[in-house]
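Residues per chain, in single letters:
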Amino acid sequence: MDLHHTANQPIGPFYHFALTPDNDAGIMAGPDAKGERVDLAIRLLDADGKPVTNGMIELWQASAAGIYNDPADPAFHGFGRLATDREGLCLFHTVKPGQVAGLNGKLQAPHINVSVYAPGLTKRVVARIYFADDPANDSDQVLGLAPEDRRQTMLARQTLEAGRWNFDLHLCGPCETVFFDI
Amino acid sequence: MQKSRLDPDNQPPYLYEPYHSTAKRAPRQPLIFLPHTLSERTGPIFADTLITEADRDLTRQGAGEPLGQRMIVEGRVVDEDGNPLPKTLVEVWQTNAAGRYRHELDDWPAPLDPNFNGCGRVLTDENGKYRFLTVKPGAYPWGNHPNAWRPAHIHFSLFGPSFVSRFITQMYFEGDPMLEYDPVFQCVPDRAKHRILAKFDLGLTEERFALGFRFDLVLRGPDATPSENGHEE
Ligand SMILES: [Fe+3]
């Protein structure tokens, strides 16, 4: 058998009925989940800053204790998936992740791993969302890999509404979000 | 040593001019090479209790049988070392035999089939094997350029064991004359095209029942950890 990684293809515009039939997968933390509640609004934008209305966003994150697939926190689901709406928006209900081990055993700042799919994206793009003003950001090694003037594209910002954070994800254009080669 | 994983010889570029909607969506800045941490090495686990036998039989989701050519799609999901990937969630979606999606925004006036939803899901078994029963999808027009038609295809979404292995593609049919004119298929480099073509397989074909097509998938895995190869940093 040919053992080369199979080629990626775009998701296409008509995936909703199969992958995002409702908004249930946007609720990542049940009432009993541990940690600080976060309502995370992600807006997906194109080169002109216009909303991408047929994108799909997936999140992957650790529990509040900093553990992926945390058996001690069954009310928390580390995986979330939503389609963007007519404003290019989707709203995840989750908790702030804890710190997980990174390179050379150092702890990483709290972050959420993001995959983005859309028609016109021949393969997913991968980003990370960090939380603005978290004291651990300054020493985070992955944030440190991005050019300094682009690091703000990786930060979700707290709004005046308690627990509500906003993150604009620019696929390209002057504010292009930092994407990773993983 | 940082080696790009983008693999331009085998993976499509983000920007592909003939596929027009890439122009306003393709990232232009260089991607940042990310050494794999727990964030990339872990991934969601899906319980098989959520998936029923009916989920992998797309011909039994309505009151009667859907119209079209009955078809078995079977394959193996492995990593780049050939290790089978068991318990991998495989999700598929497709048009009916007439080329129409059961989707509120699909306004192409081909008929809907009351007996066909066009989506299925299955977990791979201990050998990394999956199998669907469905009907052959149809071609459909789209707006990319004058007289543009998508060749018949089935959309595939797979998770694999880690965030790195997460993967979406489309499965086409060997010998379809429309492939040549489809920029979505053509954005894949020539040497990699055969890997997204399903092969007709007489061994999978069931007498007086359904045609068999084989479609194997290879997913990426995380890099070896430094302790495993013993020479990094
Ligand atoms: Fe399609």
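Residues numbered from 1 in each chain as written. Chains lettered and ligands numbered in written order. Predicted model: local features only at pLDDT ≥ 70, side-chain atom pairs only at ≥ 80, totals over all residues. Heavy atoms only, no water.

Here we take up the confidence of the model for chain B. Residue and element names in this part refer to chain B. Chain-level statistics for chain B give a pLDDT mean of 94 and a share of 96% at 70 or above. Below a pLDDT of 50 lies the segment residues 227–233, which in the model reaches four contacts outside its immediate sequence neighbourhood of four places, other chains included. For this predicted complex, the interface score ipTM comes out at 0.96, while the overall pTM is 0.96. (pLDDT = per-residue confidence, 0-100. Contact = heavy atoms within 4.5 Å.)

All names here are of chain A. Read across the open sheet, the eight strands follow the order 3-2-5-6-7-8-1-4; overall the sheet is mixed. Strand pairing shows two members of the sheet lacking a second neighbour, strand 3 (79–83) and strand 4 (89–95), which therefore form its edges. The average angle at which neighbouring strand axes cross in this sheet is 25°, direction not considered. Alignment of strand 2 (residues 56–60) against strand 3, held across five bridges, turns out to be antiparallel. Paired with Met56 across the bridge in strand 3 is Ala83. (Pairing = 2+ DSSP bridges. Helix = DSSP H or I, 4+ residues; strand = E, 2+ residues; numbered from the N terminus. Axes fitted to C-alpha atoms, helices over the stretch in contact; angles between N-to-C directions.)

Turning next to the pairing of strand 8 (residues 164–170) of chain A. All names here are of chain A. In the sheet, strand 1 (residues 37–45) pairs with strand 8 via seven bridges, with the strands oriented parallel. Counted as the bridge partner of Leu40 is Trp165 from strand 8. Following strand 7 (residues 155–158), the chain reverses through five residues before pairing antiparallel with strand 8; Gly163 in that reversal takes a positive phi of roughly 80°.

The tally for this structure, following the rule as stated, stands at 17 aromatic pairs over all chains. For the pair Phe79(A) and Phe159(B), a centre-to-centre distance of 5.2 Å together with 85° between the ring planes defines the contact as edge-to-face. A residue pair is termed interchain when its members come from two chains, as with Phe79(A) in strand 3 and Phe159(B) in the loop between strand 8 (154–158) and strand 9 (167–173). Judged by relative accessible area, which is 17%, Phe79(A) ranks as buried. When the ring of Tyr19(B) is compared with that of Trp142(B), the centres are 5.9 Å apart and the planes differ by 65°; the resulting orientation is edge-to-face. Of this pair, Tyr19(B) sits in the segment before strand 1 (32–33) while Trp142(B) sits in strand 6 (residues 140–142), and the two are 123 residues apart along the sequence. Overall, Tyr19(B) belongs to the buried group, its relative accessible area being 4%. Each residue in the set Phe14(A), Phe17(A), Tyr101(B) and Tyr140(B) is aromatic and connected to the rest through ring pairs, giving one cluster. (Phe/Tyr/Trp six-rings, centres within 6.5 Å; stacked < 30°, edge-to-face > 60°. Buried < 20%, exposed > 50% of the residue type's maximum accessible area, 1.4 Å probe, protein only.)

Moving on, we come to the pairing of strand 6 (residues 125–131) of chain A. Residue and element names in this part refer to chain A. Burial within strand 6 is extensive, with seven of its seven residues counted as buried. Neither face of strand 6 is left uncovered, since the one carrying Val125, Ala127, Ile129 and Phe131 and the one carrying Val126, Arg128 and Tyr130 both have all their residues buried. Alignment of strand 5 (residues 111–117) against strand 6, held across six bridges, turns out to be antiparallel. Residue pairing across strands places Ile112 opposite Ile129, the latter belonging to strand 6. Where strand 6 and strand 7 come together, two bridges link them in parallel fashion. Pairing of Tyr130 across the sheet is with Leu155, part of strand 7.

Turning to the coordination of the iron ion, a few remarks are in order. Residues and elements named next belong to chain B. Every protein donor of the iron ion is accounted for by Tyr101 (OH), Tyr140 (OH), His153 (NE2) and His155 (NE2), and the metal-donor separations fall at 1.9 to 2.2 Å. Ordering the donors of the iron ion by residue number gives the pattern Y-x38-Y-x12-H-x1-H. Pair check on accessibility: His153 and His155 agree, each one buried. (Donors = N, O, S within 2.8 Å, 3.2 Å for Na, K, Ca; no water.)

It is worth spelling out the nonpolar core at this point. Leu40(A), Ile42(A), Leu59(A), Phe92(A), Val116(A), Leu169(A) and Leu171(A) are the most contacted members of the largest nonpolar core, which has 29 residues in total. Secondary-structure elements contributing two or more residues to this core are strand 1, strand 2, strand 4, strand 5, strand 6 and strand 8 of chain A. Other than its neighbours up to four places away in sequence, Phe92(A) contacts Ala25(A), Gly26(A), Met28(A), Val38(A), Asp39(A), Leu40(A), Ile42(A), Ile57(A), Leu59(A), Gly80(A), Arg81(A) and Leu82(A). Ala136(A), Met154(A), Ile51(B) and Val164(B) belong to the second-largest nonpolar core, a separate cluster that totals 27 residues. (Core = buried A, V, L, I, M, F, W, Y, C linked by side-chain atoms within 4.5 Å.)

Tallying the contact residues gives 76 residues for chain B and 65 residues for chain A. In terms of surface lost to chain A, no three residues of chain B exceed Arg25(B), Ile32(B) and Phe163(B), which account for 14% of the buried area on that side. Linking chain B to chain A there are four salt bridges. Linking chain B with chain A are 42 residue pairs in polar contact (both at pLDDT 80 or more), by the criterion used here. At the level of secondary structure, the elements contributing two or more residues to the side of chain B that touches chain A comprise strand 1, helix 1 (38–41), strand 2 (70–79), strand 3 (89–94), strand 8, strand 9, helix 2 (183–186) and strand 12 (217–219) of chain B. Ranked by residues supplied to the side of chain B that touches chain A, first place goes to strand 9 of chain B with five residues. Of the residues that constitute the side of chain B that touches chain A, the class distribution is 37 nonpolar, 21 polar and 18 charged. (Buried area = accessible area lost by both parts, 1.4 Å probe. Salt bridge = Lys/Arg side-chain N within 4 Å of Asp/Glu carboxyl O. Polar contact = N/O pair within 3.5 Å; in protein donor to acceptor, adjacent residues only side chain to side chain. Nonpolar A, V, L, I, M, F, W, Y, C, P; charged D, E, K, R; others polar.)

Further remarks concern the side chain of Lys96(A). All names here are of chain A. The residue Lys96 is located in the loop between strand 4 and strand 5 in this model. Looking at Lys96, its side chain comes within polar contact range of the side chain of Asp134, at 2.7 Å. Apart from residues lying up to four places away in sequence, Lys96 is in contact with Glu36, Val38, Gln61, Ala64, Pro110, Phe131 and Asp134.

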